[in-house]
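Coordinates in review
Each chain, written out:
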Amino acid sequence: MKARQLQGWRAPGTQGPEQSSVAQLLWLLLLVLIVSTPHLRTLPAWVSGIMLVAAVWRLGAAWNRWPLPGRIVRGTLTLASALAVGFTWRQISGLEAGSALLVLMLALKLLETHSARDRALVVLIAWFVLFAAFLREQSLGGVPLLAAGVLVGTLALLQAARRRQAIPPATGLLLTTRLLAHAVPLALALFLLFPRLPAPLWALPSGGHNGRTGLSSQMSPGDITSLALSDAPAFRVRFEGPPPERAQLYWRGPVLESFDGRRWRTLPDAGRKHQHAVPLRQLPAGARVHKYEIVLEPHHQRWLLPLETPLGWDVADASLSASRELLSTRPIAARSAWRGRSATLPRFREARAPEAATLAVNASRNPRSLALAGEMRAAAGSDRAYLRNILGMFRQQAFYYTLEPPALGDEPVDDFLFRTRSGFCEHYASAFALLARAAGIPARVVTGYQGGEMNPLADYLIVRQSDAHAWTEVWLDGYWERYDPTAAVAPERVDAGMAAALPGSVGADLPLLGSSPWFGRVAFGWDALNAQWDRWVLAFGPEQQNALLGRLGFSSPSLRDLALVCAVTASTILLLFTWLTLRDRAREQDPLEQSWQLLCQRLSRLSRPRKPEETPGEYSAMVIAARPELAGPLTSLTALYLRLRYEGVPSRTEILRFRRLVRQLRLPPANARG
Amino acid sequence: MAMARNATALANTDQLQQARLLGEQVNREVGQVILGKQTEIELAFTCLLAGGHLLIEDVPGVGKTLLARALAAVLGLSFRRIQFTSDMLPADIIGMSVFEQEAARFRFHPGPVFAHIVLADEINRSTPKAQSALLEAMEENQVTVDGETHALPVPFFVIATQNPLHQAGTHPLPESQLDRFLMRLGLGYPAEGLERKLLRGEDRRLLLGELKPVVDSAGLMALRAAARELFLSDALLDYVQALVRYTRQSALFELGLSPRGAQDLVMAARCLALLHGHPGVHPDEVKAVFAAVAGHRLRPRPGSQAAVRDPARLVLESVPIP
């Protein structure tokens, strides 16, 4: 059956020049369309234009016999495309330029598809383009297109090698599916067992990802007049046990300690007295400890964003900076997962005295704020009362929470406190920290994320870019205490999330959160699926591999062990398939038939091969006519074969006897003519 | 099942031997009268044995009548000849009821069709009405006149002849009628040397009287029953089905073999295998009868290769033996 379906299939390159049929071309074009779609979305329009021209030209040539370009035109086109790519990106490598070049060459190759070899080459380039799409998109959403590309590519390869008419689409799809299904066990084994290296062998060129997310090592609230809300996920968290209350979900990111009156910056560890902090050892009574797993979206920064306050983590090379930022040694360039332990504490003990920078105030800036701080501190009597009074001021006076604050001038805090009085978390955190410092209390701004949303369909929390937040920490009595001034102005922001904190019209801008509940459910379901994909497919790294092998009985295998296990499994699967195929073939041909074929094969050397339509009697008569000396044994052998095959059900001994007779038959040498 | 059949087949080795001898005898006897037509004689006898009817398409004077008479003579069967003409009525073939004065009742006078072997000469010269009277008799093995059914003798074997050339005033048999003939044969001119022998020798018709019957009708029916018992291997049925499938699916033909055609093919092959003394049917026997059984049932697509060349041969050359 299999052999029959593959009849007419020929290895590429084994035949002379011939024209591609329209059906073969249409399959190739469909493949090209599928594989270039992920690239064309981001590449400039002229690339798509060239592809369209090439496709139309090739189709016209097939249908209306338009002339295809000659060697010189093709060469010129190729050179021009390469130059155009070079001019556009100033390079011909890298993700954008490289994929543009690849897609263009694929389109131009369409113009020279004459032989089966050309068609096969188009399919192979197309597959390469398809894999290049992995560099852009690894999410579940890209999988259908990828699967379609693999399916159509395999089918197009089958079609490409056909000599005459094309395989009908339904038959072709069935055959392709069967071929691919054969590949699944091997692919699965290689996915699970191929040695995973802890670090990628090459780094993805990061084209402009930096600073796109909500995290940054600096902040200057006065420059932002409109904060775009994005519901893109920043990370997902799965808690072991019940999750903390929403108001306690502070995900600690960059800590900004240096302030020049306008801009807040992180203070690098280099140049500090103490370069690392140690996790808390003693917890106050009643502190709750949470264990969780975080799956981070790549943000190309080093912050691991633990729940405040981190106690432990399973990332080997991560460290706690002096300002208690949990940092990995490398930027998070791929989706990655880590496990951690945290205590949700409003304050934590810090044995070391704060850096001098946490007290620094640029005296030449924001004079009215500094003056206000002096007055209020004097009136309050104690540091704590003073800080409470500031929060009270935010709460009682006409301060507003908005995502579209007016621009602030050269004295941003003065402008905010006395003129505009509206802003978002950064404005409040910035003003609060400055007021604290002006009164001699060490203070810093902590940025990160606050809150998150439980996915009702699955047991995890999604934290989105729109949950980005800034709050303050002040140093009192040997403790860093968290003060969130935004909560004073808009408590809903902390208790219920961004959408709740904003007036209705603005809340609706949040693409998914503000829309209908049904749509929200679908979105959550999709996100849950995506999370599974991330967790089980994309995040499958050395740790998960080790865990899997550990469950199979290989504890902490070396790279060599892994390679061995992988090779043995893959070979076993291949051998199994080979055996199954051979067994099928043997079953298709019974031993009687095999012996007869052997006889025909031996006789063919003496005269000519048996024509398929020749009956045994006709063939042996022909051979006897050519070599009369064989008349005796051949007549009896043919009669025996006919009797066994056509005159009843032969017994096994009879078949074996026939086989023995065929093997024992002495034939004269081919050249000795009797 | 297959084993059981095999056992019966093997048990009848004597019968097979007899059948082979009979086949050789018929070939030899009839071959004395009709020179150089061994294949056609064997096929005609096979057709008779299979219980089918034979259509011979050839020009006049090549020995069609002689073949029919010779077969009748060696088989010890009665023989009648009907010369078809354009003014022929059905009653001229099947007979009619005549009022008998003395007995004062109608009495059926059987027509020429009441014989074991009937030669319907130049069947295409008569009107379709007369043709269909004969064809009905062939199909039913009985005739009905005035509400009374009269069985035809057993075995009943019609050899119809028709001139292949289109002549004025003829009515060629349509495909649906052609399908009722198990085989169609052409006799063709004798080979040069044989024709010389024919010219030199005595009149072949005189030899007819010297032919002795070699089997009676009861023996013929026993052979027919034995043919039905022959072993059919799966490989052979695969081959037959491949042939039939090819005629139906190939672009060469507008009309492929009908299921009746396929059954006839197997039955004819069985009978030929029996005459060869084989306990099972070989593909050679299928090939030998294929052109005669299928040739007149296939309708080549106009303009295709099959319209020019012998279509049955084309099929045989295209279908591999499994």
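Provided above is the structure to which this section pertains.
**Quick word on the overall build of chain B**
- Tallying secondary structure elements over chain B gives 15 helices and eleven strands in all.
- Relative to its full complement of 322 residues, chain B shows a buried share of 52%.
- Sequence separation of at least 24 residues holds for 78% of the intrachain contacts in chain B that already meet a minimum separation of 6.
- Surface summary for chain B: the accessible area is close to 15000 Å², and the carbon and sulfur share equals 51%.

**Digging into the overall build of chain A**
- Looking only at helices and strands, one finds 23 helices and 17 strands in chain A.
- For chain A, the proportion of its 674 residues judged to be buried stands at 43%.
- Counting only contacts in chain A whose residues sit at least 6 apart along the sequence, the fraction spanning at least 24 positions is 74%.
- Surface exposure of chain A reaches about 33400 Å², of which carbon and sulfur atoms provide 61%.

**Details of a nonpolar patch on the surface**
- Together, Leu 52, Val 56 and Trp 66 of chain A make up a nonpolar patch on the protein surface, roughly 310 Å² of accessible area in all.
- A residue is classified by how much of its surface remains accessible, and Trp 66 of chain A, at 41% relative accessible area, is partly exposed.

**Let's talk about the sheet that holds strand β2 (residues 79-83) of chain B**
Residues and elements named next belong to chain B.
- Pairing is parallel across the open sheet formed by five strands, whose spatial order is β2-β5-β8-β1-β9. Each edge of the open sheet carries a strand with a single partner, namely β2 and β9 (183-185). Within this sheet the neighbouring strands show an average axis-to-axis angle of 20°, counted without direction.
- Strand direction decides the pairing type here: strand β5 (residues 117-121) and strand β8 (residues 157-162), joined by four bridges, are parallel. If you follow Leu 119 over to β8, its bridge partner there is Ile 159.
- Seen against the sheet, helix α4 (residues 64-75) touches β1 (54-57), β2, β5 and β8 and runs at an angle of roughly 175° to β5.

**Quick look at the packing of aromatic side chains**
Residues and elements named next belong to chain A.
- Under the criterion given, the structure shown has 18 aromatic pairs over all chains.
- With a centroid separation of 5.5 Å and an interplanar angle of 85°, the aromatic rings of Phe 235 and Tyr 449 are classed as edge-to-face. Within this pair, whereas Phe 235 is found in strand β2 (residues 233-240), its partner Tyr 449 is found in strand β13 (residues 443-450), the two being separated by 214 residues in sequence. Tyr 449 shares its class with Phe 235; the two are buried.
- Three or more aromatic residues joined by ring pairs make a cluster, and in this case those are Phe 235, Phe 239, Trp 251, Tyr 292, Trp 338 and Tyr 449.

**Points about the sheet that holds strand β17 (residues 479-483) of chain A**
Residues and elements named next belong to chain A.
- Read from one edge of the open sheet, seven strands run β1-β4-β3-β13-β16-β17-β10, paired in antiparallel fashion. The sheet is open, and its two borders are formed by β1 (218-219) and β10 (347-349), each paired with just one other strand.
- The pairing of β13 with strand β16 (residues 468-476) spans seven bridges and is antiparallel. Considered in β16, the bridge of Arg 444 is made with Glu 473.

**Section: the side chain of Thr 247 of chain B**
Residues and elements named next belong to chain B.
- Positionally, Thr 247 belongs in helix α11 (residues 234-249).
- At a separation of 2.7 Å, a polar atom in the side chain of Thr 247 contacts the main-chain carbonyl oxygen of Val 244.
- Residue contacts for Thr 247: discarding those within four places in its chain leaves Phe 253, Gly 256, Leu 257, Phe 290, Leu 298 and Val 315.

**Considerations on the packing of helix α3 (residues 45-64) of chain A against helix α5 (residues 95-109) of chain A**
All names here are of chain A.
- Contact pair α3 / α5: the axes reach a minimum separation of 8 Å and the direction vectors enclose 15°. On the basis of the axis angle, α3 is roughly parallel to α5. In the packing of α3 onto α5, the handedness of the crossing is left-handed. Contacts between α3 and α5 involve Trp 46, Val 47, Ile 50, Met 51 and Ala 54 from the first element and Val 103, Leu 104 and Ala 107 from the second.
- Split by residue class, the contact of α3 with α5 holds eight nonpolar, no polar and no charged.

**Description of the interface of chain A and chain B**
- Counting residues at the interface gives 14 residues for chain A, matched by 21 residues for chain B.
- Between chain A and chain B, roughly 1400 Å² of surface is buried when both sides are summed, and carbon and sulfur atoms account for 57% of that area.
- Split by residue class, the side of chain A that touches chain B holds five nonpolar, three polar and six charged.

**A short note on the side chain of His 116 of chain B**
All names here are of chain B.
- Take His 116: it is sitting in the loop between β4 (105-110) and β5.
- For His 116, a relative accessible area of 16% translates into the label buried.
- Setting aside its immediate chain neighbours within four residues, His 116 contacts Leu 77, Ser 78, Pro 153, Val 154, Pro 155, Phe 156 and Phe 157.

**Details of α4 of chain B**
Residues and elements named next belong to chain B.
- Between its first and last C-alpha, α4 extends 17 Å over twelve residues, near the 16 Å set by a 1.5 Å rise per residue.
- Across the twelve residues that make up α4, a large majority, ten, are buried.
- Within α4, burial applies to Lys 64, Thr 65, Leu 66, Leu 67, Ala 68, Ala 70, Leu 71, Ala 72, Val 74 and Leu 75.
- Gly 76 lies just past α4 and shows a positive phi near 65°.

**Examining the packing of helix α9 (residues 367-380) of chain A against helix α10 (residues 383-396) of chain A**
Residue and element names in this part refer to chain A.
- The geometry of α9 relative to α10 is characterised by a closest axis approach of 8 Å and an angle of 120° between their N-to-C directions. Taken together, α9 and α10 sit at an angle that is classed as oblique. In terms of crossing hand, the pair formed by α9 and α10 is right-handed. Two secondary-structure elements touch here, α9 through Leu 372, Ala 373, Met 376, Arg 377 and Ala 380 and α10 through Asp 383, Ala 385, Tyr 386, Asn 389, Ile 390 and Met 393.
- Looking at side-chain class alone, the contact of α9 with α10 contains eight nonpolar, one polar and two charged residues.

**Concerning the pairing of strand β6 (residues 142-145) of chain B**
All names here are of chain B.
- Here β6 shows a buried face lined by Val 143 and Val 145 and an unburied face lined by Gln 142 and Thr 144.
- Note that β6 and strand β7 (residues 148-151) share four bridges and pair antiparallel. Across the sheet, the residue bridging to Gln 142 is Ala 151, located in β7.
- Two successive antiparallel strands, β6 and β7, enclose a turn made up of two residues, where Asp 146 displays a positive phi of approximately 50°.

**Let's talk about the pairing of strand β15 (residues 460-464) of chain A**
Residue and element names in this part refer to chain A.
- Most of β15 is tucked away: five of the five residues are buried.
- Where β2 meets β15, four bridges bridge the pair, whose relative direction is antiparallel. Bridge pairing links Phe 235 to Val 463 in β15.
- Hairpin connection of strand β14 (residues 453-455) to β15: four residues between the antiparallel strands.

**Some points on unusual backbone geometry**
- Following Glu 308 of chain A, the chain continues to Thr 309 of chain A via a peptide bond in cis, the omega torsion being 0°.
- Of note in the backbone geometry, Glu 122 of chain B takes a positive phi value of approximately 50° without being a glycine.
- You can see Glu 122 of chain B is positioned in the loop between β5 and α6 (128-140).

**Let's talk about the pattern of salt bridges**
- According to the stated counting rule, one finds 33 salt bridges over all chains in the structure shown.
- A salt bridge links Glu 614 of chain A to Arg 608 of chain A; its shortest N-O distance comes to 2.8 Å.
- Given the relative accessible area of 9%, Glu 614 of chain A is considered buried.
- Judged by its relative accessible area of 25%, Arg 608 of chain A is partly exposed.
- For Asp 179 of chain B, the salt bridge is made with Arg 297 of chain B, and the minimal N-O distance between the two is 2.9 Å. Remark: Arg 297 of chain B occurs in the loop between α13 (283-294) and β11 (299-300) and Asp 179 of chain B occurs in the loop between α7 (175-178) and β9; sequence separation between them is 118 residues. Here Asp 179 of chain B matches Arg 297 of chain B in class, with each residue buried.

**Topic: the environment of Arg 265 of chain A**
All names here are of chain A.
- Mapping Arg 265 onto the fold places it in strand β4 (residues 264-266).
- Between the alpha carbons of Arg 265 and Met 219 there is a distance of 6.6 Å; along the sequence they are 46 residues apart.
- When near neighbours in sequence (up to four residues on either side) are disregarded, Arg 265 contacts Ser 217, Gln 218, Leu 256, Glu 257 and Ser 258.

**Focus: the environment of Arg 245 of chain B**
- Note on placement: Arg 245 of chain B falls in helix α11.
- Sequence separation between Arg 245 of chain B and Gly 256 of chain B is eleven residues, and the spatial gap between their C-alpha atoms is 8.1 Å.

Analysis parameters
Residues numbered from 1 in each chain as written. Chains lettered and ligands numbered in written order. Predicted model: local features only at pLDDT ≥ 70, side-chain atom pairs only at ≥ 80, totals over all residues. Heavy atoms only, no water. Helix = DSSP H or I, 4+ residues; strand = E, 2+ residues; numbered from the N terminus. Buried < 20%, exposed > 50% of the residue type's maximum accessible area, 1.4 Å probe, protein only. Contact = heavy atoms within 4.5 Å. Areas by Shrake-Rupley, 256 points an atom, 1.4 Å probe, with all protein chains shown as cover. Patch = residues over 30% accessible without salt bridge, like charges linked within 9 Å, V, L, I, M, F, W, Y side chains within 5 Å. Salt bridge = Lys/Arg side-chain N within 4 Å of Asp/Glu carboxyl O. Pairing = 2+ DSSP bridges. Axes fitted to C-alpha atoms, helices over the stretch in contact; angles between N-to-C directions. Phe/Tyr/Trp six-rings, centres within 6.5 Å; stacked < 30°, edge-to-face > 60°. Polar contact = N/O pair within 3.5 Å; in protein donor to acceptor, adjacent residues only side chain to side chain. Parallel < 35°, antiparallel > 145°, perpendicular 65-115°, else oblique. Left-handed = near helix turned anticlockwise from the far one by under 90°. Nonpolar A, V, L, I, M, F, W, Y, C, P; charged D, E, K, R; others polar. Buried area = accessible area lost by both parts, 1.4 Å probe. Expected span 1.5 Å × (residues − 1).

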